[in-house]
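Observations on chain architecture
Residues per chain are reported as follows:
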Amino acid sequence: MIPRKAIALPAGVRLAVSPLSWTNDVLEDLGADISLETCLSDAAETGYQGVELGRKYPRDAATLRPLLASHGLALASGWHSGELAERGVGEEMKAVARHAELLREMECKVMVYGEVAMMTPGSPLDAPMSERLTMPKTEVVAYAARLTEFAKRLAGEYDLKLAYHHHLMMVAETFDEISDIFCRTGEEAGLLLDTGHAVAGGFDYTRLIERFGDRIVHIHLKDVRGPVLQNVRACDLSFNVGVRSGMFTVPGDGIVDFGPIARFVRGNGYRGWLVVEAEQDPAFAPPRPAVARAFDHIRDVFAG
């Protein structure tokens, strides 16, 4: 195999890929037949330096560390489903303990936090997008305070920076919702910038760079297929239907311009991971060619 040409990234910046291109964490039929070995081999041979956690990964460092090392890969981070919108910091610390300990043992620097409380009852990702619940303005200040305290304890006990993931169907979907929260949190709480969720949430992701650039500690590089997104919104479909329909894709296959990301990373002192991520059906978009195209696209963007 001919090695791929490396990407010229600033010192301290590395490129990873999410296992979501191979196996979906929520829609378990997507990629159910694809092995973890295939995912890791494809990622390494394509040129990526790391991966994020997925549902097929072992969750003990003694097994995971040599597995990733055998492919020359590092662990960039992993998602924690948090519920600080409805519970206290002490309870959240108990819930996160095993996950945070694994990330620390794997020498991760950040932990992805997704707020899964205060969502549409039942199966929220199967509900029409219009049925998303929003956080009452009166509760934002207290929520931000809990996030700040949780971030402090996460750093103090596990040496991990909280990377808050704005996300469709969750309490921080729009730019205003993200801003309301992050204008009230302490600097201990970091922000995960997800290009695809920003566009699908109705705003230009560069607005987050302009307002909260110094808070961004983790970046997901996700593209969006414009016509699919328009249909999902126009027909008030669910998040999961959007995923199955191909709403999200890898960089270079959609409408997102990644040039501002390259300028931000090169010029604002960002240090951390860039993670190529696409929640899509691997039968619709074969993973290895997709992540290879994404690698080449990001390389070309950073070369420009």
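The residue numbering used here restarts from 1 in each chain and proceeds along that chain's sequence as written. Local features in this predicted model are restricted to residues whose pLDDT is 70 or higher, and side-chain atom pairs enter the listing and the counts only when it is 80 or higher, whereas totals over whole chains, interfaces and linings include all residues. Derived side-chain values reflect all non-hydrogen atoms in the structure, with water molecules and hydrogen atoms excluded from consideration.

A few points about the overall build of the protein chain
A helix here means a DSSP run of H or I that spans at least four residues, while a strand means a run of E at least two residues long, and both kinds are numbered starting from the N terminus. A tally of regular secondary structure across the protein chain gives 11 helices and 11 strands. Note on method: radius of gyration uses C-alpha positions; expected globular size equals 2.2 Å times residues raised to 0.38. Its C-alpha atoms give the protein chain a radius of gyration of 18 Å, near enough to 19 Å, the size a compact globule of 304 residues would have. Projected onto its principal axes, the C-alpha positions of the protein chain cover 55 × 45 × 40 Å. By the burial criterion, 59% of the 304 residues in the protein chain qualify as buried. The contact criterion used is simple: two residues touch if any of their non-hydrogen atoms lie within 4.5 Å. Put simply, of all contacts in the protein chain between residues at least 6 apart along the chain, 80% involve residues at least 24 apart. When the accessible surface of the protein chain is summed, it comes to about 12,300 Å², and 51% of that surface belongs to carbon and sulfur atoms. Charged-residue counts in this description rest on Lys and Arg as positive and Asp and Glu as negative, His and the chain ends being excluded. To locate a charge, take atom NZ for lysine, CZ for arginine, CG for aspartate or CD for glutamate. Across the protein chain, 32 positive and 42 negative side-chain charges occur, with their mean positions spaced 4 Å apart. Exposure categories follow from relative accessible area, calculated using a 1.4 Å probe and restricted to protein chains: below 20% of the type maximum is buried, above 50% is exposed, and the middle band is partly exposed. Here the accessible surface of atoms and residues is derived via Shrake-Rupley with a 1.4 Å probe, and residues count as covered only by protein chains that are part of the display.

Remarks on the sheet that holds strand β8 (residues 216-221)
Pairing is parallel across the open sheet formed by 9 strands, whose spatial order is β3-β2-β1-β11-β8-β7-β6-β5-β4. Both outer strands of the open sheet, β3 (74-77) and β4 (79-82), are each paired with one neighbouring strand and no more. Averaged over all pairs of adjacent strands, the angle between strand axes in this sheet comes to 35°, irrespective of strand direction. By the bridge criterion, 4 bridges tie β4 to strand β5 (residues 110-115) in an arrangement that is parallel. Between any two strands, pairing holds if DSSP finds at least two bridges. In this analysis, axes come from line fits to C-alpha atoms, helices being fitted only over the stretch in contact, and the angle between any two N-to-C directions falls in the range 0 to 180 degrees.

Comments concerning the environment of D204
Relative to the elements of secondary structure, D204 occurs in the loop between α6 (195-200) and α7 (206-212). It is 8.7 Å that separates the C-alpha atoms of D204 and F175, two residues lying 29 residues apart in sequence. The term polar contact refers here to a pair of N or O atoms within 3.5 Å; inside protein, the definition further demands a hydrogen-donor-capable atom paired with an acceptor-capable atom, and it admits residues adjacent in sequence only when both atoms are side-chain atoms. A distance of 2.8 Å separates the side chain of D204 from the side chain of T206, its partner in a polar contact.

Some thoughts on the UniProt feature "domain: Xylose isomerase-like TIM barrel" (unreviewed entry) in the protein chain
Within this structure's numbering, the places UniProt gives as "domain: Xylose isomerase-like TIM barrel" (unreviewed entry) are residues 41-300. From the first C-alpha to the last, residues 41-300 spans 23 Å; its make-up is 44% helix and 17% strand. UniProt positions are given in the numbering used here, feature names are shortened, and annotations may be inferred rather than shown by experiment.

As for the pattern of salt bridges
Within this document, salt bridges are pairs made up of a side-chain nitrogen of Lys or Arg and a carboxyl oxygen of Asp or Glu, the two lying within 4 Å of each other. Overall, the coordinates contain 16 salt bridges when judged by the stated rule. Among the ionic pairs, E92 bridges to R87, the shortest N-O distance being 2.8 Å. Its relative accessible area of 0% is what places E92 among the buried residues. Taking the relative accessible area as the measure of exposure, R87 reaches 18% and is therefore buried.

Concerning the pairing of strand β1 (residues 13-17)
Within β1, 4 of the 5 residues are buried, which leaves it mostly tucked inside the rest of the structure. Bridge count between β1 and strand β2 (residues 50-52): 2 bridges; the pairing is parallel. Note on β2: the bridge partner recorded for A16 is G50. If you view a crossover with the strands going away from you and the path from the first strand over the helix to the second runs clockwise, you call it right-handed. One crossover worth recording links β1 to the parallel β2 by way of helix α1 (residues 36-46), and it is right-handed.

Examining helix α11 (residues 287-303)
In this model, α11 (17 residues) spans 24 Å end to end at C-alpha, consistent with the 24 Å of a helix rising 1.5 Å per residue. Elements that come into contact with the buried residues of α11 comprise β1, α1, β8, α10 (259-267) and β11 (272-276). Under the convention used throughout, the expected extent of a helix is 1.5 Å for every residue step, that is, one less than its residue count.

A look at the side chain of E277
For E277, the location among the structural elements is in the loop between β11 and α11. At 3.4 Å, the side chain of E277 and the side chain of H220 are in polar contact. Engagement of the side chain of E277 in a polar contact is seen with the side chain of K222, the distance being 2.6 Å. The contact partners of E277, leaving out residues within four places of it in the chain, are S18, L20, E52, D194, H220, L221, K222 and T249.

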